[in-house]
There are 4 protein chains.
Amino acid sequence: MGARHALNILNKTPRAELVAAFSPDGKELQGLEAVVIGTATSVHAEETLQALEKDLHVLCEKPLSTSVKICQDVVDAAARKPHLKAMCGFSRRFDESYQDVARKIAEGAIGRPTVIRSQTCDRQHPDPGEHHDFFVQYAAWSGGVFVDMSVHNIDLTLWYFGSNVVPKSISANGVVAILPGLKQYKDYDNAVDIVEFWDGRIAHYYASRMMTHGQEDVTEIIGTDGKLNVNLNPQKNIVNIYSRAGITREVPGHHWGRFEPGFVKEANEFTAACLDDTSVPLEFQNAVKAVQIGAWLQEALVSGKQIRFDESGKRIDRANL
Amino acid sequence: MGARHALNILNKTPRAELVAAFSPDGKELQGLEAVVIGTATSVHAEETLQALEKDLHVLCEKPLSTSVKICQDVVDAAARKPHLKAMCGFSRRFDESYQDVARKIAEGAIGRPTVIRSQTCDRQHPDPGEHHDFFVQYAAWSGGVFVDMSVHNIDLTLWYFGSNVVPKSISANGVVAILPGLKQYKDYDNAVDIVEFWDGRIAHYYASRMMTHGQEDVTEIIGTDGKLNVNLNPQKNIVNIYSRAGITREVPGHHWGRFEPGFVKEANEFTAACLDDTSVPLEFQNAVKAVQIGAWLQEALVSGKQIRFDESGKRIDRANL
Amino acid sequence: MGARHALNILNKTPRAELVAAFSPDGKELQGLEAVVIGTATSVHAEETLQALEKDLHVLCEKPLSTSVKICQDVVDAAARKPHLKAMCGFSRRFDESYQDVARKIAEGAIGRPTVIRSQTCDRQHPDPGEHHDFFVQYAAWSGGVFVDMSVHNIDLTLWYFGSNVVPKSISANGVVAILPGLKQYKDYDNAVDIVEFWDGRIAHYYASRMMTHGQEDVTEIIGTDGKLNVNLNPQKNIVNIYSRAGITREVPGHHWGRFEPGFVKEANEFTAACLDDTSVPLEFQNAVKAVQIGAWLQEALVSGKQIRFDESGKRIDRANL
Amino acid sequence: MGARHALNILNKTPRAELVAAFSPDGKELQGLEAVVIGTATSVHAEETLQALEKDLHVLCEKPLSTSVKICQDVVDAAARKPHLKAMCGFSRRFDESYQDVARKIAEGAIGRPTVIRSQTCDRQHPDPGEHHDFFVQYAAWSGGVFVDMSVHNIDLTLWYFGSNVVPKSISANGVVAILPGLKQYKDYDNAVDIVEFWDGRIAHYYASRMMTHGQEDVTEIIGTDGKLNVNLNPQKNIVNIYSRAGITREVPGHHWGRFEPGFVKEANEFTAACLDDTSVPLEFQNAVKAVQIGAWLQEALVSGKQIRFDESGKRIDRANL
């Protein structure tokens, strides 16, 4: 992701200039005003804090951390430097189709958004061994399938339902179907959950590492007076192939094939906020809430037990134990 | 086709009773009131005339004949027995989707229908030898690709544009790409044409025997204020198959897989007209006009020369020679 | 439903003869060999028992009862008359596309089926008052949204996962978004759930009465080596409408518009089993298990508490209380 | 188009620098190495010749001219300056989906490409008066619907069939359905044609200014062993809207909404060819052939008479007169 961000800044963000990529060279770093952090999740927070310390604007890949506390520390540190722009890169916020959905919801096209179904499903690598090794190693530090993958779906929920929604209960279940090595990290290759909110809304997510056909990230928003969805029929491009097998549409192998234009837009809008001193388009605090919900989902998944909250959002299920 | 019609009458036409199928037995034929003719095209006319002679209602498969004159003779014979119901089986007239299009056009959904694109494309049999032999033998008596296949598209044009449209010019071209044996019968495995009408409308058809994926009969009607199409994305059923190849939808192998419910409806409506002495839903004269246009298309295809007509529909291109 | 079944038997089931519909007339009932029960759920069981008592074959609409015990009583009664055919009408078992999925799974097209997502979503009547009144009255005796609607999804799960799957946990949540009158019956207009099975599989269902666009019953089966779905893109027919709004496909308003051919096939196959004394295509015991799971789903939905089972299927969550 | 090209060079072509846009200022023009010509067709040729004269690389919007002779003069002028890069901007050559089709054809995915159906269909402006005025004024200098719109389809044909195909006959028909003002310029708002080639292939095109739903550019390539198509189901983005009307997908209003990424790629590849002194990806001579075929189509359209060629490509129909 770091290299991709660097290339976007270099090639597709006309108002930005790539000063350095991973450079320890002080000379090269002169003139640096902003950094994009696309490293491993485990160092996101520390690097963001260092950047803020050096008075640099920061665009950090999601999640800031797999620890809610650390996420909040980073957001607090940024709040102490209000002249700096700090943004967590939820790239789907910059995707044209997701933005179209937000616009249509705001215009009342579907009444009150009531149920969201959202899935992040990764392609299964054609080589099972390679697929296994990659994702098992990845699981060691990813924070688990719901923190790593569903955090996007949580963020979409906060966008479409409003960032002030309060969970009432969280239930989750998972299976290990093709990646037995995940068990050592208490992770799963397929997981589903339900998040019930106090204002009469429901989210349910599906995360999977098992799609043979490619990347399949679908989101449906069902309102009291209509429904919208994004990417229900995934497609690599707009070619259909007619053969003895029938009619076939290819599917992107990676999220990059689906979301690349969103990443470019993200880089450009972040650059504009830095240069024009306008607000970044995403609330930084949101990044904490998304990880918080993801961590609860992951806890419910691993424990197999429902988590419950009172209307203020205070957790109440532990009191029962 | 004969067997299929017989089974429809037997099983799916509650108001009809199957008295006999291909029976020479006088006893079995007692009580016979109506016949369905689903034999080879070359005997359609004669059998229809004999049925009328015996005072039987007749539903005859399209076309009545590949000869326009014989078609007209049959229609004239039926006209002399107005107490009998006679209908030529253009099954698409009974297909729910084509009927929906007719209804929407009548309601003004697309303004004035101006251009129709319609194709009848048959599956290429997986065994090339078998495919070749079948269609070459078939070509010997089918009347040619435009009479045999496009007659459906012509009938749809008469339905959606009005049966009184007058051709102004007809152009056609074809190729022999996979069935060299067709050449001996001056036929083609792929053919396209343009029919221009005097009232400012255009039809263009595509007929092919070369589809690897299955039967693909698409019709688009473009109006001055909208567009409708039928079967743009052919499908055997509503299952999608996700695999390493992508996302695949299977396609029916034969027109029967696409039009079976229409044939059933046709049998039922014809039965109702016979029993209740109401008009059959299709003008019999139409069957002559469809074959006439098909024969002109075939002539233009074989000669490679445009055919022209004056506003009364009288052919004028020969006069030029 | 009763009238629809009667018309299917009358018109589209050639080997059956409609002797009577709802007749109290003893004379009319002479010759009766089999009955189809399509009345209100509350009398299904009693009527089935009476029919068995009179030595009649029975095809009963789902569910046999909203009470698991009564369902089992009916199945037991049928077991005591093995010469009679008794079948609970899960019509989707006779739908061509669902059957194609079953065939493809059996052929190994998707590896091991691991996750099933299945939804039964009813159209919201254009008149909100009428919509409200109908479904609220219906809720009084329907057994709740999961028993009434999701029982189809449960049956599909038993079909595709195997009828011997043992639930491990069940979680469910619902909202009342548009039908406030449902609250008096402890029912919901939108509900989602997760059923975890002991053999490492997961089902999640969505039931809704809120679709503005029409009936939308989607099923996806995700396997370790592929995925299949049915009706992902609902359609009334195969017409596309192009207008200033874009490209639009209409959707059936009722399940009848989607499943009518399945009901016909069901009537025909049941008739064949009666006449030929072959097994009915559906295990009768299945109907008990589907209602049992539906009842648990409904309990989890109303209580908001997860239900848990040991590996033998014995419920263990109550012991914890 | 000029402004769009300039913005692409400025913002999305990292290796290029925008020196000036439409500037008469000699000082600004210093350092100019290449020009992009996106002016009115009538001045394309002259501006290209001037640019070559000044020793500048040139990317000129299609067509170079509506006159075949002038096109050839421009190509000849460029041939005299082989150190300069000259390219005619057929943007679809840079579209990812069209490129995927070219790759699949080259890999043999559909056997021998035999029939191409390709359409360029523009949106009808919601305001009929504005729509009329714009396109009637445009028709005054556009060269006619086939030169202006179908030239893209011709270029695709040369790409997928090979640029050495020789026409055997050309037939065309058109109607004026909504833009009566076109008649004064002998132009049409809907036109179809057939181009037959000597090597047993057929192209048929449809050009229209009458689509209410938006831009609809579809291309189908039918081979002896399969079929490919591009954009059969046009879409503005990947959102589906579910409402009482059914399920709707919006469509781009303009070709820019469909082809923008292709224009960007074109600018980048042209820049690379200039900087690295490599071949431009499109043969310049091709631009003459495409206009030549377009001019014949337009002649056949206006005269209503078929045009014929011998195997060497020499026109023979005039000799017949």
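Criteria and thresholds
- Residues numbered from 1 in each chain as written.
- Chains lettered and ligands numbered in written order.
- Predicted model: local features only at pLDDT ≥ 70, side-chain atom pairs only at ≥ 80, totals over all residues.
- Heavy atoms only, no water.
- Helix = DSSP H or I, 4+ residues; strand = E, 2+ residues; numbered from the N terminus.
- Buried < 20%, exposed > 50% of the residue type's maximum accessible area, 1.4 Å probe, protein only.
- Contact = heavy atoms within 4.5 Å.
- Pairing = 2+ DSSP bridges.
- Axes fitted to C-alpha atoms, helices over the stretch in contact; angles between N-to-C directions.
- UniProt positions renumbered as here; feature names shortened; annotations may be inferred.
- Buried area = accessible area lost by both parts, 1.4 Å probe.
- Salt bridge = Lys/Arg side-chain N within 4 Å of Asp/Glu carboxyl O.
- Polar contact = N/O pair within 3.5 Å; in protein donor to acceptor, adjacent residues only side chain to side chain.
- Nonpolar A, V, L, I, M, F, W, Y, C, P; charged D, E, K, R; others polar.
- Least-squares fit on C-alpha atoms with pLDDT ≥ 70 in both.
- Expected span 1.5 Å × (residues − 1).
- Bend = angle between axes of the 7 residues up to and from the residue.
- 1 Å grid on protein atoms, 1.4 Å probe; cavity = no way out; pocket = protein on both sides within 12 Å on 5 of 7 lines; lining within 4 Å.
- Points joined across faces, edges and corners; volume = space filled by probe spheres on them.
- Core = buried A, V, L, I, M, F, W, Y, C linked by side-chain atoms within 4.5 Å.

Engineer: Quick question: what am I supposed to make of the environment of A:Val136 here?
Structural biologist: Residues and elements named next belong to chain A. For Val136, the position within the fold is in helix 6 (residues 128-142). Exposure remark for Val136: the relative accessible area of 9% places this residue in the buried category. Placed 175 residues apart in sequence, Val136 and Glu311 show a C-alpha to C-alpha distance of 38 Å. Those residues in contact with Val136, other than ones at most four positions away along the chain, are Gly181, Leu182, Gln184 and Tyr185.

Engineer: What should I look at first to understand the sheet that holds strand 1 (residues 34-37) of chain A in this one?
Structural biologist: Two orientations exist for strands paired in a sheet by backbone hydrogen bonds: parallel and antiparallel. Residues and elements named next belong to chain A. Taken in spatial order, the three strands of this open sheet run 1-2-3, and their pairing is parallel. Since the sheet does not close on itself, it has two edges, and those belong to strand 1 and strand 3 (86-89), each with one partner. The sheet shows a mean angle of 10° between the axes of neighbouring strands, taken without regard to direction. Set on the sheet, helix 9 (residues 255-276) makes contact with strand 1, strand 2 (57-61) and strand 3; between it and strand 2 the angle comes to about 160°.

Engineer: I tried to follow the UniProt feature "domain: GFO/IDH/MocA-like oxidoreductase" (unreviewed entry) in chain A on my own but got confused; where do I start?
Structural biologist: UniProt feature "domain: GFO/IDH/MocA-like oxidoreductase" (unreviewed entry): in the numbering of this structure it lies at residues 98-228 of chain A. Here residues 98-228 of chain A runs as 30% helix and 38% strand, with 10 Å between its end C-alpha atoms.

Engineer: Could you clarify how one ought to interpret the interface of chain C and chain A in this entry?
Structural biologist: Often, the extent of an interface is quoted as the loss of accessible area on bringing the components together. With 39 residues of chain C at the interface, the matching set in chain A holds 40 residues. Summing both partners gives a buried area of about 3000 Å² for chain C against chain A, and 60% of it is carried by carbon and sulfur. For A:Glu216, the salt bridge goes to C:Lys227, with nearest N and O atoms at 2.6 Å. Between the two partners, chain C and chain A, sit 13 residue pairs in polar contact (both at pLDDT 80 or more). Its residues assigned to classes, the side of chain C that touches chain A comprises 13 nonpolar, 17 polar and nine charged.

Engineer: What am I meant to see in the relation of the copies chain C and chain A here?
Structural biologist: Superposition of the two copies of the chain requires a rotation about an axis together with a shift along that axis. For the match of chain C to chain A, the screw axis carries a shift of 0.0 Å, the RMSD comes to 0.0 Å, and the turn is 180°. Considering both components of the superposition, the chain copies are consistent with a two-fold axis. When the interface residues of chain C are mapped onto chain A, 100% of them are again interface residues, pointing to one common binding face.

Engineer: I would appreciate a short explanation of helix 8 (residues 255-276) of chain D in the present structure.
Structural biologist: Since the α-helix turns once every 3.6 residues, residues separated by three or four places project in the same direction. All names here are of chain D. Across its 22 residues, helix 8 extends 30 Å between first and last C-alpha, which sits within 8% of the 32 Å expected from 1.5 Å per residue. At Pro261, helix 8 shows its maximal bend, which comes to roughly 40°. At the exit of helix 8 stands Asp277, carrying a positive phi of roughly 50°.

Engineer: What is the right way to look at empty space enclosed by the protein in this model?
Structural biologist: Empty space among the atoms becomes visible once a probe the size of a water molecule is rolled across them. Counted under the stated rule, the structure contains four cavities of 30 Å³ or more. If you add up the space inside the largest cavity, you get close to 910 Å³. Taken together, 45 residues line the largest cavity, and the ones lying closest to its centre are A:Asn233, B:Asn233, B:Arg249, C:Asn233 and D:Asn233. Of all elements in the fold, only strand 10 (239-243) and strand 11 (246-249) of chain A, strand 10 (239-243) and strand 11 (246-249) of chain B, strand 10 (239-243) and strand 11 (246-249) of chain C together with strand 10 (239-243) and strand 11 (246-249) of chain D reach the threshold of two or more residues within the lining of the largest cavity. Residue classes in the lining of the largest cavity are distributed as 17 nonpolar, 24 polar and four charged.

Engineer: Sorry, what's going on with the nonpolar core here?
Structural biologist: Soluble globular proteins tend to bury their nonpolar side chains together. All names here are of chain D. Of all hydrophobic cores here, the largest spans 73 residues; its most connected members are Leu64, Val101, Phe146, Tyr160, Ile170, Phe284 and Leu297. By residue number, the principal contributor to this core is helix 9 (residues 286-303), which donates nine residues. Dropping the residues within four chain positions of it, Tyr160 is found in contact with Tyr98, Val101, Ala102, Ile105, Pro113, Ile116 and Ile221.

Engineer: Explain the interface of chain D and chain B to me, please; I cannot follow it from the model alone.
Structural biologist: Between chain D and chain B, the residue contacts involve 39 residues of the former and 40 residues of the latter. In total, chain D and chain B occlude about 3000 Å² of area from one another, counting both sides; carbon and sulfur atoms represent 60% of this. Put simply, chain D and chain B have two salt bridges between them. If you look at where chain D meets chain B, you find 13 residue pairs in polar contact (both at pLDDT 80 or more). If you list the elements that add at least two residues to the side of chain D that touches chain B, you get strand 4 (113-123), strand 5 (167-175), strand 6 (190-197), strand 7 (201-211), strand 8 (219-223) and strand 9 (226-230) of chain D. Taken together, the residues of the side of chain D that touches chain B sort by class into 13 nonpolar, 17 polar and nine charged.

Engineer: Quick question: what am I supposed to make of the relation of the copies chain D and chain B here?
Structural biologist: The operation relating chain D to chain B is a screw motion whose rotation component is 180°, with 0.0 Å of axial translation and a residual RMSD of 0.0 Å. Most of the interface of chain D is mirrored in chain B: 100% of its interface residues are interface residues there too.

Engineer: How should I be thinking about helix 10 (residues 285-303) of chain C in this particular structure?
Structural biologist: All names here are of chain C. End to end, helix 10 covers 27 Å across 19 residues, agreeing with the expected 27 Å (1.5 Å per residue, within 8%). Here helix 10 has its buried residues at Asn286, Ala287, Val288, Ala290, Val291, Ile293, Gly294, Trp296, Leu297, Gln298, Ala300 and Leu301. A positive backbone phi angle near 70° is found at Gly304, which sits one or two residues after helix 10.

Engineer: Please explain the environment of A:Leu275 as it appears in this structure.
Structural biologist: Residue and element names in this part refer to chain A. Note on placement: Leu275 falls in helix 9. Residue Leu275 is classed as partly exposed on the basis of its relative accessible area, which comes to 43%. In this structure, the C-alpha to C-alpha distance between Leu275 and Met211, residues 64 residues apart in sequence, is 41 Å.

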